[in-house]
Each structure stands twice: as C-alpha cells, then as structure tokens.
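Next come the chains, spelled out residue by residue.
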Amino acid sequence: MTYVRPLLLLLLFGAVSWFEFAQPRTAHALFIHALDSFDHRPAHKVLILGNSRTFYHEMPDMIRGMADSAGDPQRYDITTEAEPGASLETLWVDPKVRDLVREHWDDVIVQGESRAQSSDEQASSFQTYGARLIEAARPTAPAVRLVVNWNYDARLWDDGDPDGSGRNAYYTAVQSASQSLSERTGAKLANIGQLWAQTQRSFPKMTLTEDGNHPTLAGSYLFALLLYGDLSKRDVGQVSYVPSGLDVGVAASLRQEVREYEEAKAD
C-alpha cells in the first residue's frame, strides 16, 4: 500500500501530459471539459468564428488562461470554429457553423479573412456574408463582435511599399468596411487593427507577425488581451498568464499597451 498513492499520482501526471501535449486538439478540449466539471463558477459561453489568424498559437485558449489567472468570477467556455483561409462566406455555408450559431451564447466573435478588402468581389462577399452570420447569431447571443483585422506588413507588397501608401490604403479599407458592417448589423467592433498599429508605433522593434500576415506568439497574446478585456470589461493589468515561449517582459509591455488603449477609448 505504501506505493499505491505515488503510483496513482504518477499515472495521473502521465495522463495529463498525454492529453495536454501528445494528443490532438479534440483530446485537449475533452481534458479541459473534464476539469471544468469541478469548476463551479458560472459559465460564460463564447463562440469564435474565424480563420488561421484566429487559431494561431491557440489564441482562444489564451483568453481562458487570462481569465483564470486574473481571478475572473466567470468560467470562460470557448468554442472555436476556424479553418485556414476561411472567409465569412466559407463560414456561412458550413452546416456546422450554421448549427453552432443557433445555440445559446453569451458572446459571439466573428473574424473575417485578411484579404477581405483586396478586391471588389471579396469586399462585397465580406459585407453580404458577414451580415448573414451576425444576424443569425444575434437572436442567440446578447453581444456579437466583429474583429477589425490588422494590416499586412510592408514586406508583402510587391515593391516593399517604400512610402507606406499601399499599407495606409489597405488599413483604411479594412477600418471602413468593418465600420460599415457594424453600423448595418449592430455588431460591436473589436478593433485589433487599430491596437496593432498603435503597438507597432510604440514598439517598432517588436515583431507581431511571422510572415507578414499570421501573428507571432506576441501578436496572438496582444489579440487575446484585447478580446479578454472587451469580453470581461475587467482590467487586463490583473492578468498574470503568459504563454510558454513568450518573454514575461514583452507580455507585461503588451498588457500595459492594451490598458492604455482602453483608457484612451474611454476618455
């Protein structure tokens, strides 16, 4: 009997490690769900619809980690449906997404694809199917948020965009299109594009994208901070969660940047 307790602990640790690190995303979700059965905080159900910008570095899981580390009185139950390159039209025609939006949610977050304003055809699709998604979600969620995307880096322009005109024009197009869709549907804006640009000005040596498009770990952390602050209406300065691989000093700087951004908006 002396060895039973240590053996059980060892087996439990092995099972946790297996679920956390050696299994696919579905197994990880099952593990979190099992832990949640012992968590008696009221659930805050969030549905996130998007694409690779959304799921890079498991950004939605960061929101949960932030909430728990900040002592949030709610348990964030987050469901994500995001596929590489998915447009709002792709999401709308997916039967799984159509079923998901019919469920009850406390919040729904919708993120369009990065190229949505790169042509007239894609811009029209963004407006049409964004409105359909948002309107379908409104009866099931008190709040629907539309993510205003961040801009591409200059390196993705053919000439490197030496005078910044290409990037400036695209930034304006993304902001304008998102504002238009918000006004037509009543969706709230989660303006990561604006915060992203501000952070790049504050920390010009900080790299927020891996390839000019997809976020680095720091970029995903910044995104999650904005969403957590917006969802919870709490001070992100209370967050102590830092994902593995992110420098704690960088994380602290990003938390302060989000705090200042939110304070400026409130003025």
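This one's a predicted model, so the numbers in the text were calculated from it and none came from an experiment. (Residues numbered from 1 in each chain as written. Predicted model: local features only at pLDDT ≥ 70, side-chain atom pairs only at ≥ 80, totals over all residues. Heavy atoms only, no water.)

### Side note on the pairing of strand β3 (residues 107-111)
- Most of β3 is tucked away, with 5 of its 5 residues classed as buried.
- Both faces of β3 are covered, namely the face carrying D107, I109 and Q111 and the face carrying V108 and V110.
- Here strand β1 (residues 43-50) runs beside β3; their pairing, made up of 4 bridges, is parallel. The partner of L47 across the bridge, within β3, is V108.
- Of the crossover connections in this fold, the one passing from β3 over helix α7 (residues 120-137) to the parallel strand β4 (residues 143-147) is right-handed. (Buried < 20%, exposed > 50% of the residue type's maximum accessible area, 1.4 Å probe, protein only. Helix = DSSP H or I, 4+ residues; strand = E, 2+ residues; numbered from the N terminus. Pairing = 2+ DSSP bridges. Right-handed = clockwise from strand over helix to strand, strands pointing away.)

### Considering the packing of aromatic side chains
- Considering all chains together, one arrives at 6 aromatic pairs under this definition.
- Ring geometry for W150 against W196: centres 4.3 Å apart, planes inclined by 10°, an arrangement best described as stacked. With a gap of 46 residues between them, W150 in the loop between β4 and α8 (165-185) and W196 in helix α9 (residues 192-202) connect regions that are remote in the sequence.
- The buried category is assigned to W196, whose relative accessible area is 1%.
- Measuring from centroid to centroid gives 5.6 Å for W150 and F223, while their planes differ by 80°, and the two rings are edge-to-face. Residue W150 is found in the loop between β4 and α8, and its partner F223 is found in helix α10 (residues 217-232); the two are separated by 73 residues along the sequence. Accessibility classification places W150 together with F223 in one group, the buried group.
- Put simply, the rings of W150, W196 and F223 pair up and form one aromatic cluster.
- Seen from the ring of W105, K45 lies directly overhead, with NZ or CZ sitting 4.9 Å from the centre. (Phe/Tyr/Trp six-rings, centres within 6.5 Å; stacked < 30°, edge-to-face > 60°. Lys NZ or Arg CZ within 6 Å of the ring centre and 35° of its normal.)

### Overview of α8
- Taking 1.5 Å of rise per residue, 21 residues should cover 30 Å, and α8 covers 30 Å from first to last C-alpha, within 8% of that figure.
- Those residues of α8 not exposed but buried are G166, Y170, V174, Q175, A177, S178, L181, S182 and T185. The buried residues of α8 occupy an angular sector of 165° when the element is viewed end-on, so they sit on one face. When the buried face of α8 is taken as reference, the exposed residues oriented beyond 90 degrees from it are N168 and E183.
- Those residues of α8 that are buried are in contact with α7, β4, β5 (188-190) and α9.
- Once α8 finishes, G186 follows within two positions and takes phi at roughly 85°, a positive value. (Expected span 1.5 Å × (residues − 1). Arc of directions from axis to C-beta. Contact = heavy atoms within 4.5 Å.)

### What to know about the side chain of H44
- Residue position: H44 is located in strand β1.
- Side-chain polar atoms of H44 contact the side chain of Q74, separated by 3.0 Å.
- Not counting residues up to four positions away in its chain, the partners in contact with H44 are Q74, R75, Y76, D77, D106 and D107. (Polar contact = N/O pair within 3.5 Å; in protein donor to acceptor, adjacent residues only side chain to side chain.)

### Quick look at the confidence of the model for the protein
- When the pLDDT values of the protein are averaged, the result is 89; 86% of them are 70 or greater.
- Overall, residues 1-13 carries pLDDT values under 50, and its contacts beyond four positions in sequence, including any with other chains, amount to 0 contacts. (pLDDT = per-residue confidence, 0-100.)

### With respect to the environment of A173
- Within the secondary structure, A173 sits in helix α8.
- For A173, a relative accessible area of 27% puts it in the partly exposed group.
- When the C-alpha positions of A173 and A116 are compared, they lie 9.6 Å apart, and in sequence the two are 57 residues distant.

### Observations concerning the packing of helix α4 (residues 59-69) against α10
- Look at α4 against α10: their axes get within 9 Å of each other, and the N-to-C directions meet at 55°. Classed by the angle they form, the pair α4 and α10 counts as oblique. As for how α4 packs across α10, the hand of that crossing is right-handed. Counting all contacts with α4, which are made through M59, M62, I63, M66 and A67, the residues of α10 involved are L217, S220, Y221, F223, A224, L225, L227, Y228 and L231.
- When its residues are assigned to classes, the contact of α4 with α10 shows 13 nonpolar, 1 polar and no charged. (Axes fitted to C-alpha atoms, helices over the stretch in contact; angles between N-to-C directions. Parallel < 35°, antiparallel > 145°, perpendicular 65-115°, else oblique. Left-handed = near helix turned anticlockwise from the far one by under 90°. Nonpolar A, V, L, I, M, F, W, Y, C, P; charged D, E, K, R; others polar.)

### Some details on the nonpolar core
- One finds I63, M66, I192, Y221, L222 and Y228 to be the most contacted residues of the largest nonpolar core, which totals 36 residues.
- Secondary-structure elements contributing two or more residues to this core are β1, α4, α9, α10 and α11 (248-266).
- Top element by residues in this core is α10. It accounts for 11 residues.
- Dropping the residues within four chain positions of it, I63 is found in contact with I48, I78, A224, L227, Y228 and L231.
- Counting 25 residues, the second largest nonpolar core, distinct from the first, contains L47, A86, I134 and A177. (Core = buried A, V, L, I, M, F, W, Y, C linked by side-chain atoms within 4.5 Å.)

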